[in-house]
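Tertiary structure, described
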Amino acid sequence: QDHCDSYTWINDVTYTESTDSPVFTITNQAGCDSIVTLNLTIRKSTSSPSQSYEAINTYTWNGETYTTSGVYTATLTNAVGCDSTATLDLTVLYQFPITYNVNDGVMPAEYPINYIQGVGATLPIPTKLNNRFDGWYDNATFTGSPMTAVSNSESGDKQYYALYSIMRKEVLMW
């Protein structure tokens, strides 16, 4: 007989290792003895160490797609036909888009178009000819305080508006 991890035989003994030595005598209805020998192969279940991963928005593991952080367990079949338990310690980080309204300004060559919740992002500094950049605002009427970053505690889609001031050129005559 083949079993995984353990087997309890007719003598009420639980075996956890392979064996061919146990013998048990059974008396049948006619009063005759039958001798039964156990020929047992114990195969071992396995488990792998917990694996930790960080994923953006979703993570697919063993055919399942996860969208929330957590500890997940999968029971598979190992090479000897027994259970193999795998554990995933997953952290899902959520990514959100950033939309910039540059108001005729020019963005730098590289700037974030997304940010990750829990990480945040530094907002770029655009340029506009003959203007000074006065900051990013989260509204088109430029009320409130200017922003320089998306904080690590924020979530959701972001939209920012660039505010500029015209720089005055003074001409000095001698």
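Everything below is about the structure printed above this text.
What you see is a predicted model; the values in this text were computed from it and never measured. (Residues numbered from 1 in each chain as written. Predicted model: local features only at pLDDT ≥ 70, side-chain atom pairs only at ≥ 80, totals over all residues. Heavy atoms only, no water.)

Points about unusual backbone geometry
- Of note in the backbone geometry, aspartate 12 takes a positive phi value of approximately 65 degrees without being a glycine.
- Within the element layout of this structure, aspartate 12 appears in the loop between β2 (7-8) and β3 (14-15). (Helix = DSSP H or I, 4+ residues; strand = E, 2+ residues; numbered from the N terminus.)

Let's talk about the pairing of strand β4 (residues 23-27)
- Judged from the 5 bridges that link them, β4 and strand β5 (residues 33-37) form a sheet pairing that is antiparallel. What sits directly across from threonine 25, in β5, is isoleucine 35.
- Between β4 and β5, which follow one another and run antiparallel, lie 5 residues, and glycine 31 among them has a positive phi close to 90 degrees. (Pairing = 2+ DSSP bridges.)

Observations concerning the nonpolar core
- With 13 residues, the main nonpolar core has Ile98, Tyr100 and Trp136 as its most contacted residues.
- For this core, the secondary structure elements donating two or more residues are β13 (95-101) and β18 (158-166).
- The contact partners of isoleucine 98, leaving out residues within four places of it in the chain, are Pro112, Ile113, Asn114, Tyr115, Ala121, Val150, Lys158 and Tyr160. (Core = buried A, V, L, I, M, F, W, Y, C linked by side-chain atoms within 4.5 Å. Buried < 20%, exposed > 50% of the residue type's maximum accessible area, 1.4 Å probe, protein only. Contact = heavy atoms within 4.5 Å.)

Here we look at the pattern of salt bridges
- If you walk through the whole model with that rule in mind, you get 4 salt bridges.
- Two residues, lysine 44 and glutamate 17, come together in a salt bridge whose shortest N-O distance is 3.6 Å. Residue lysine 44 is located in the loop between β6 (41-43) and β7 (46-47), and its partner glutamate 17 is located in the loop between β3 and β4; the two are separated by 27 residues in the primary sequence.
- For lysine 44, a relative accessible area of 37% corresponds to the partly exposed category. (Salt bridge = Lys/Arg side-chain N within 4 Å of Asp/Glu carboxyl O.)

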